[in-house]
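Observations on chain architecture
The primary structure of each chain is shown beneath.
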Amino acid sequence: MHEYSLAQSIMQIVFAEAAKVSARKVTKVTLTLGELAGVFPDSLSFCFDLVTKGTIAEGALLEIEKVPLKGYCPHCEKTFFIMNHQYLCDQCGNGSIELIAGRELQVSHLEIEDETD
Amino acid sequence: MRQIEVRKNILTAHEQIAQENRELFRKKGIFVLNLMSSPGAGKTTLLERTIELLKGTFSIGVIEGDIATSYDAERIGAHGVKVVQINTGGACHLDSAMIKKALAEFSEMKLDALIIENVGNLVCPAEFYLGEDAKAMILSVTEGEDKPLKYPLMFRISQALVINKIDLLPYLECRIERIVKDARSLNLDLKLFEISCSTRAGLSAWKEWLAEEIHKKKVQSADNE
């Protein structure tokens, strides 16, 4: 994943949401990142610090909530964790499974300071 | 200090442009293939064979992606199809903005299919949607039977896998069965083609799949009008 481009896109969302509530400062950005997003958190943090310099989000903590890859097998009617990129049901070996979690790439919530703080 | 809920998907600028590209291809009924592989796996040669087989039936355009040179565009141009060469100057993959810019050179043409030969790279192109209908990747037998599990995303997101250079199998310790088994564990619906561009073995199945996809796209586009 190309973390710099990702950091820029995250910042666009942060600025837009902060403007909606007239925030004075953004102190924390929480992301929901699925395993499949292939993001390297250290790189992303580094790029995030670069793009927030001189903005209302400068110094904000980047918090990442990781979501592991989960599949659902319609034959066994059960969900299971997908390990080592093996997209097969761990019970019956069926490959026609549904991916139910792990692809998320989302700004979940922000912590902000209002003008009055 | 307080918390505000956002829950917004991070859709990058490139993905937005990719969606615009996709919409343009849908409107014009053009089937678009994103062809990817490591350097030297045989993308350009496969593309040459593909053009030989399909140009009598369909109007084909090609976008070539390389860091430098127009070697590939020259090879493709010799087959009499319209080709545009993109030189990234360093970027390791094509992106949707580059494609959008190149599309301007095809605007006067009525194309049935557009084949995009991506920069030789088994990693980054998998992460950048260009607006295509299908992704096809090539793994040549000289690259090693262990590659699917080492590069899972590329194999997972492709619709088709061409196992190329099969004429060289007698000289290698490569087991196709292992490539097939591992690739299928990543992507059960992957269409597999075993091909030799030298001997032309396996090319007719590849040609038939493409012809069917091109035809399907035309029908879909006509239905939506």
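Residues numbered from 1 in each chain as written. Chains lettered and ligands numbered in written order. Predicted model: local features only at pLDDT ≥ 70, side-chain atom pairs only at ≥ 80, totals over all residues. Heavy atoms only, no water.

This part covers the packing of aromatic side chains. In this structure the tally under the stated criterion is 3 aromatic pairs over all chains. Arranged with centres 5.8 Å apart and planes meeting at 35°, the rings of B:Trp206 and B:Trp209 form a pair that is tilted. Of this pair, B:Trp206 and B:Trp209 both sit in helix H8 (residues 203-224), 3 residues apart, roughly one helical turn. Residue classification places B:Trp206 among the buried residues on the basis of a relative accessible area of 1%. Residue B:Trp209 is classed as buried on the basis of its relative accessible area, which comes to 8%. Pairwise contacts between aromatic rings join B:Phe193, B:Trp206 and B:Trp209 into one cluster. The residue whose ring lies beneath B:Arg156 is A:Tyr87, and the NZ or CZ to ring-centre distance is 3.7 Å. (Phe/Tyr/Trp six-rings, centres within 6.5 Å; stacked < 30°, edge-to-face > 60°. Helix = DSSP H or I, 4+ residues; strand = E, 2+ residues; numbered from the N terminus. Buried < 20%, exposed > 50% of the residue type's maximum accessible area, 1.4 Å probe, protein only. Lys NZ or Arg CZ within 6 Å of the ring centre and 35° of its normal.)

On to the sheet that holds strand E2 (residues 61-67) of chain A. Here we have 4 strands laid out as an open sheet, ordered E2(A)-E1(A)-E6(A)-E1(B), and mixed in their pairing. Each edge of the sheet is formed by a strand with only one pairing partner; in this case those strands are E2 of chain A together with strand E1 (2-9) of chain B. Across the sheet, the axes of successive neighbouring strands diverge by a mean angle of 20°, strand direction being ignored. Examined bridge by bridge, strand E1 (residues 25-34) of chain A and E2(A) share 7 bridges and lie parallel to one another. (Pairing = 2+ DSSP bridges. Axes fitted to C-alpha atoms, helices over the stretch in contact; angles between N-to-C directions.)

Moving on to the packing of helix H1 (residues 3-20) of chain A against helix H2 (residues 41-52) of chain A. The relative placement of two packed helices is expressed as an angle between their axes plus a distance between the axes. All names here are of chain A. At a minimum axis separation of 8 Å, H1 and H2 run at an interaxial angle of 50°. The angle between H1 and H2 falls in the class oblique. As for how H1 packs across H2, the hand of that crossing is right-handed. Residues Glu-3, Tyr-4, Leu-6, Ala-7, Gln-8, Ile-10 and Met-11 of H1 form the contact with H2, whose own contacting residues are Ser-43, Leu-44, Cys-47, Phe-48, Leu-50, Val-51 and Thr-52. Class assignment of the residues belonging to the contact of H1 with H2 gives a composition of 10 nonpolar, 3 polar and 1 charged. (Parallel < 35°, antiparallel > 145°, perpendicular 65-115°, else oblique. Left-handed = near helix turned anticlockwise from the far one by under 90°. Contact = heavy atoms within 4.5 Å. Nonpolar A, V, L, I, M, F, W, Y, C, P; charged D, E, K, R; others polar.)

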